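# Tertiary structure, described
Chain by chain, the residues run as shown.
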Amino acid sequence: MEIITNVTEYEKLAKEKLPKMVYDYYASGAEDQWTLKENREAFSRILFRPRILIDVSHIDMTTNVLGFNISMPIMIAPSAMQKMAHPEGELATARAAASAGTIMTLSSWSTSSVEEVNSVGPGIRFFQLYVYKDRNIVRQLVKRAEMAGFKAIALTVDTPRLGRREADIKNRFTLPPHLVLKNFEALDLGTMDKTNDSGLASYVAGQVDRTLSWKDVKWLQTITSLPILVKGVVTAEDTRLAIEHGAAGIIVSNHGARQLDYVPATISCLEEVAREAKGRLPVFLDGGVRRGTDVFKALALGASGVFIGRPVLFSLAVDGEAGVRKVLQMLRDELELTMALSGCTSLREITRAHVITDGDRIGRSRL
């Protein structure tokens, strides 16, 4: 195999290796996929204002997330059904995250259970939660995550219905027959029916609670003492409501551009959310991060850290645990280099003054 020099190269290799249905499920976005492209392209419109003649012989990338010390502000986002990518699936991802000293978020719809993931050994792990119509299922799931040592709940709030993912409809996507949604296996909710469109869309329509509202964020706090991150916030208004309803943090996310098409890129929403948060709770970003430069830009615009999704899936498909380790290491190395070349020796030294956005350029042109 030729030397892989950046994160994006894994996608092409994964496409060659994975069945079409699986690759399309991981790679595609909703409808016209405008937001899918924009999640990447918006990063390219943010430019740097590097500072020079600063001693950058020592760079500190460590940070603290919800009281947990991690090696870098790059964490793993929840991605469903990872055993479609590699036989070890989420277990390989968990080991890679632990070895990198960072956080893994496990999807509700994982093909390894919370208990199995816990069994791989020590590590800081969050659990992503979809709220099912049957709240007893939610209670059980949250309790199991707590018992398995998970440290926070990432509540996905942008999926009352599944977005229209046309590749999944064409492929009649369903979970391969040798796999199950492990967290739901004992509840007879671990499999998907084959349908004439997307089996996942039918599963969501049958199980996920469309009535989910802010009162349920409060309800979750009555059934768990774990901190709750609200995943899927893209506006100042919802940032205010998240704070009012006791969220421990916000993840600015458009679900990897898989839900509502023509929403802005998450990096374009980040500053609005961070300004409204005013430091009252940490704000994180997921969506479109493929370079250490992207991580730096997110931190400069107010993020406390980023989560990566597709790069994990594609590297897992290509080279299992070693692939995920390499993706995390490449992003770490790129962030360290970007910090050095921008004159920043720690994360707290990365400021808004280090970047120029479209809005800045428009403002300057009016002067």
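No experiment lies behind these values; they were computed from the predicted model shown. (Residues numbered from 1 in each chain as written. Predicted model: local features only at pLDDT ≥ 70, side-chain atom pairs only at ≥ 80, totals over all residues. Heavy atoms only, no water.)

### Looking at the overall build of the protein
For the record, the criterion: Helix and strand labels come from DSSP, where a helix needs a run of H or I of at least four residues and a strand needs a run of E of at least two; each type is numbered from the N terminus. Computation of the radius of gyration draws on C-alpha atoms, with the globule rule given as 2.2 Å multiplied by the number of residues to the power 0.38. Burial classes follow relative accessibility: with a 1.4 Å probe on protein chains only, a residue under 20% of its type's maximum area counts as buried, one over 50% as exposed, and anything between as partly exposed. Contact between two residues is taken to exist if any of their heavy atoms lie within 4.5 Å; hydrogens are not considered. Calculation of accessible area relied on Shrake-Rupley with a 1.4 Å probe; when residues are assessed, cover is drawn exclusively from the protein chains displayed. Residues scored as charged are limited to Lys and Arg (positive) and Asp and Glu (negative), so that His and the chain ends carry no count. The atom standing in for a charge is NZ when the residue is Lys, CZ when it is Arg, CG when it is Asp and CD when it is Glu.
Across its full length, the protein carries 14 helices and 12 strands. Compactness check: the protein gives a C-alpha radius of gyration of 20 Å against a globular reference of 21 Å for 367 residues, within 12% of the reference. Its C-alpha atoms give the protein principal-axis dimensions of about 60 × 50 × 40 Å. For the protein, with 367 residues in total, the buried portion stands at 57%. In the protein, the proportion of contacts linking residues at least 24 apart, taken out of those at least 6 apart, comes to 73%. When the accessible surface of the protein is summed, it comes to about 15,500 Å², and 52% of that surface belongs to carbon and sulfur atoms. Each charge class in the protein can be summarised by its mean position, and for the 46 positive and 43 negative side chains these summaries are 2 Å apart.

### A few points about helix 6 (residues 135-147)
The condition that has to hold: Given a helix with a known number of residues, its expected span is that number minus one, times 1.5 Å. Any pair of N or O atoms that falls within 3.5 Å is considered a polar contact. Within protein, one atom must be able to donate a hydrogen and the other to accept it, and sequence-neighbouring residues count only if both atoms are side-chain atoms.
In this model, helix 6 (13 residues) spans 18 Å end to end at C-alpha, consistent with the 18 Å of a helix rising 1.5 Å per residue. Contacts made by the buried residues of helix 6 are with helix 5 (114-118), strand 6 (125-129), strand 7 (152-156) and helix 9 (214-223). The opening residue of helix 6, the one whose side-chain oxygen lies 2.9 Å from the backbone nitrogen of Asn136, is Asp134.

### What about the UniProt feature "binding site: glyoxylate" (unreviewed entry) in the protein?
Filter applied, for reference: UniProt positions are given in the numbering used here, feature names are shortened, and annotations may be inferred rather than shown by experiment.
Under the local residue numbering, the UniProt record ascribes the feature "binding site: glyoxylate" (unreviewed entry) to Tyr25, Arg165 and His255. Spanning 231 residues, the annotated positions come together in the fold, the maximum distance between their C-alpha atoms being 13.1 Å. Residue placement: Tyr25 occurs in helix 2 (residues 20-27). The residue His255 is located in the loop between strand 9 (249-252) and helix 11 (266-277) in this model. Once residues lying within four places of it in the same chain are set aside, the contact partners of His255 are Tyr130, Thr156, Asp158, Thr159 and Arg165. A distance of 3.4 Å separates a polar atom in the side chain of His255 from a polar atom in the side chain of Tyr130.

### Observations regarding the packing of aromatic side chains
Keep this limit in mind: Two rings belonging to Phe, Tyr or Trp (six-membered ring only in the last case) form a pair when the distance between their centres is within 6.5 Å. Interplanar angles under 30 degrees mark stacking, angles over 60 mark edge-to-face geometry, and anything in between is tilted. The criterion is that NZ of a Lys, or CZ of an Arg, lies within 6 Å of the ring centre and within 35 degrees of the ring normal, and then a charge sits over that ring.
Taken as a whole and judged by the stated rule, the model has nine aromatic pairs. Ring geometry for Tyr25 versus Tyr26: centroids 5.8 Å apart, planes at 55 degrees, classification tilted. For Tyr25, a relative accessible area of 5% corresponds to the buried category. Using a relative accessible area of 3% as the deciding quantity, one classes Tyr26 as buried. With centroids separated by 3.9 Å and ring planes inclined at 20 degrees, the aromatic side chains of Trp109 and Tyr130 adopt a geometry described as stacked. Of this pair, Trp109 sits in the loop between strand 5 (104-106) and helix 5 while Tyr130 is found in the loop between strand 6 and helix 6, placing the two residues 21 residues apart along the sequence. Of the residues examined, Trp109 reaches a relative accessible area of 2% and is grouped as buried. In textbook terms, an aromatic cluster arises when at least three aromatic residues are bridged by ring pairs, as seen for Tyr25, Tyr26 and Phe173. Residue placement shows Arg135 over the ring face of Trp219; its charged tip is 5.0 Å from the ring centre. Note that Lys297 overlies the ring of Phe48, its terminal NZ or CZ placed 5.3 Å from the centroid.

### Some words on the nonpolar core
Here is a general trend for soluble globular proteins: nonpolar side chains tend to be buried in one another's company. Spelled out, the test is: We call a set of buried residues a nonpolar core when its members are Ala, Val, Leu, Ile, Met, Phe, Trp, Tyr or Cys and they connect through side-chain atoms within 4.5 Å of each other.
Core analysis: the biggest nonpolar cluster contains 103 residues, and Leu129 and Ile267 have the highest contact counts within it. The biggest single contributor to this core is helix 13 (residues 310-342), with 13 residues. With 12 residues, the next largest nonpolar core counts Ile103, Phe126, Phe284 and Phe307 among its residues.

### Things to note about the side chain of Thr156
Position of Thr156 relative to the elements: it lies in strand 7. On the basis of relative accessible area, Thr156 is assigned to the buried category, the value being 4%. Here the side chain of Thr156 touches Gln128 through a polar contact of 2.9 Å, side chain to side chain. If we skip the residues at most four places from it in the chain, Thr156 touches Gln128, Leu129, Tyr130, Leu212, Lys231 and His255.

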